[in-house]
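Remarks on the overall topology
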Number of protein chains: 2
Amino acid sequence: MWFRVDPRLATPVYQQVVDGVKEAVAKGLLRYGDRLPSVRELATMMTLNHNTVAKAYQELERERVIEVVRGRGTYVAQPGVVPDREERLEKMAETMRLLWVEAHHLQLSEDEFVKLFQQSMQEWNRERGRDNA
Amino acid sequence: MWFRVDPRLATPVYQQVVDGVKEAVAKGLLRYGDRLPSVRELATMMTLNHNTVAKAYQELERERVIEVVRGRGTYVAQPGVVPDREERLEKMAETMRLLWVEAHHLQLSEDEFVKLFQQSMQEWNRERGRDNA
DNA sequence: TCAGTGTACTAGTACGCATGGTACACTTTG
DNA sequence: CAAAGTGTACCATGCGTACTAGTACACTGA
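For clarity, every value in this text was computed on a predicted model and none was experimentally measured.

What counts, and where the lines are drawn
- Every chain is numbered independently, its residues counted from 1 as its sequence is written.
- Whichever chain is written first becomes A and whichever ligand is written first becomes 1, with later ones labelled in order.
- Side-chain atom pairs in this predicted model are given and counted only at pLDDT of 80 or more, local residue features only at pLDDT of at least 70, and totals for whole chains, interfaces and linings cover all residues.
- With hydrogens and water set aside, each side-chain value is computed from the structure's full complement of heavy atoms.
- Near is defined per residue: the residue qualifies when any heavy atom it owns lies within 4 Å of the molecule or strand.
- A 3.5 Å cut-off defines polar contacts: any pair of N or O atoms within that distance qualifies, except that in protein one atom must be a possible hydrogen donor and the other a possible acceptor, and neighbouring residues in sequence count only when both atoms are side-chain atoms.
- Secondary structure is summarised from DSSP: a helix means a run of H or I of at least four residues, a strand means a run of E of at least two, and numbering begins at the N terminus for each.
- Each residue is assigned to one of three groups, with Ala, Val, Leu, Ile, Met, Phe, Trp, Tyr, Cys and Pro labelled nonpolar, Asp, Glu, Lys and Arg labelled charged, and all others, Gly among them, labelled polar.
- Note on geometry: axes are lines fitted to C-alpha atoms, helical ones only across the stretch in contact, with angles between N-to-C directions running from 0 to 180 degrees.
- Roughly parallel refers to an angle under 35 degrees, roughly antiparallel to one over 145, roughly perpendicular to one between 65 and 115, and oblique to any angle outside these ranges.
- By convention, the crossing between two helices is left-handed when the near helix turns anticlockwise from the far helix through less than a right angle, and right-handed when the turn is clockwise.
- Any two residues having at least one pair of non-hydrogen atoms within 4.5 Å are treated as being in contact.
- Only residues with pLDDT of at least 70 in both copies count here: their C-alpha atoms drive the least-squares fit that superposes the copies.
- An automatic or database domain assignment provides the domain bounds reported here.
- Two parts placed together each lose some accessible area under a 1.4 Å probe, and the buried area is that loss summed for both.
- Salt bridges are defined by distance alone: a side-chain nitrogen of Lys or Arg within 4 Å of a carboxyl oxygen of Asp or Glu.

**A look at the protein's contact with DNA strand C**
Surrounding DNA strand C, one finds 29 residues, the nearest of these being V13, N49, N51, T52 and K55 of chain B. Contacts to DNA strand C include R35 of chain A, whose side-chain N or O atom sits 3.5 Å from a phosphate oxygen. At a separation of 3.1 Å, a phosphate oxygen of DNA strand C approaches a polar backbone atom of V39 of chain A. At the level of elements, α2 (39-45), α3 (50-62) and β2 (73-76) of chain A together with α1 (13-27) and α3 (50-62) of chain B are the ones that each hand at least two residues to the surface near DNA strand C. Classifying every residue of the surface near DNA strand C gives 6 nonpolar, 13 polar and 10 charged.

So, in structure tokens, the structure goes:
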């Protein structure tokens, strides 16, 4: 599978599934039209309940990351209009604010903070490049 | 008070108190040696339970943001050694990763993403400048 | 017809958050 | 010494969410 799930973490399992799929799509591991495992398949693979996987799939469909075809399965959706774009941009900005406050308490200078930020993005891009080779 | 609390939000109230105090310290609204309201005072002011405020204060003390003197009160701590520095840096990096994934799904280019980031920091610095005048 | 799909229920367990109340050891003040 | 104010430690309760488990339904394709 393209991701892992750890029930001991604080973030809910269904959220980890959502994040995992979104990351796989962002990296290009999953592309438009690719079929995802059925809720029962994925539940068996990761030893989860099918309801938990279904909850994740519903959230992913709400965000237009996947498309559901009743009776057939779920597929990676084509990039298009993004729902709730403004709210999500707002939430991103708020998260950045909290990050900057935390950086302050970790005694990071503005330069160090920006560097950590760029470093995190570069590492991600390296992974993406490898996966897409 | 230096912050607000909204019990309707998803983030726990005690966490909002923690974030609020940390932000006030980061901005310079609270400085080394300043006294914080007692748990019962703050609880009354914000119509919370004293246990909720106490939980927030304990977390703040664990992070060395404040110092507790039994029988006297709580005070803003002097900047010093930061506990759990490595773990918190790790968590920051992980948050940045998730932000970058979300940015991808919001169809933000790398430049737009970085710009949003810088913009968020600049706005914060403006507020800080105003408060510290 | 039948197997596989997502979906919708119900029921139960577990955990964290928040409130409310009481009590204790400590410090400062009168 | 007494009183008031401090953080802290309990216990009990209600509430919402997460997760599991099981069952059932409507739909699709072979």
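Structure shown, so let's carry the discussion forward.
**Looking at the protein's contact with DNA strand D**
Taken together, 28 residues lie around DNA strand D, and V13, N51, T52 and K55 of chain A together with V68 of chain B are the ones closest in. Within the side chain of Y14 of chain A, one N or O atom sits 3.2 Å away from a phosphate oxygen of DNA strand D. Among the elements of the structure, α1 (13-27) and α3 of chain A together with α2 (39-45), α3 and β2 (73-76) of chain B are those that each provide at least two residues to the surface near DNA strand D. Here the surface near DNA strand D is built from residues that sort into 6 nonpolar, 12 polar and 10 charged.

**Quick notes on the packing of helix α5 (residues 110-131) of chain A against helix α4 (residues 85-105) of chain B**
At a closest axis distance of 10 Å, the pairing of α5 of chain A and α4 of chain B adopts a crossing angle of 60°. In terms of orientation, α5 of chain A and α4 of chain B fall into the oblique class. Between α5 of chain A and α4 of chain B the crossing geometry is right-handed. Contact residues: F113, L116, F117, S120, M121, W124, N125, E127 and R128 of chain A in α5 of chain A; L89, M92, A93, M96, R97, W100, V101 and H104 of chain B in α4 of chain B. Here the contact of α5 of chain A with α4 of chain B is built from residues that sort into 11 nonpolar, 3 polar and 3 charged.

**Things to note about the relation of the copies chain A and chain B**
Under the fitted operation, chain A is carried onto chain B by 0.0 Å of movement along the axis and a turn of 180°, and the coordinates agree to an RMSD of 0.1 Å. A rotation of that kind, with that shift, is consistent with a two-fold axis. The fraction of interface residues of chain A whose copies in chain B are also interface residues reaches 100%, indicating that both copies meet through the same surface.

**Brief notes about the domain arrangement of chain A**
Residue and element names in this part refer to chain A. Per the domain assignment, the segments making up chain A are domain 1 (13-76) and domain 2 (85-131). For the pair domain 1 and domain 2, the summed buried surface comes to about 530 Å²; carbon and sulfur atoms form 46% of the total. Taken together, domain 1 and domain 2 are joined by 2 salt bridges. Between E63 and R88 there is a salt bridge, with the nearest N and O atoms lying 3.4 Å from each other. Linking domain 1 with domain 2 are 4 residue pairs in polar contact (both at pLDDT 80 or more), by the criterion used here. Residue composition of the side of domain 1 that touches domain 2, grouped by class: 2 nonpolar, 1 polar and 4 charged.

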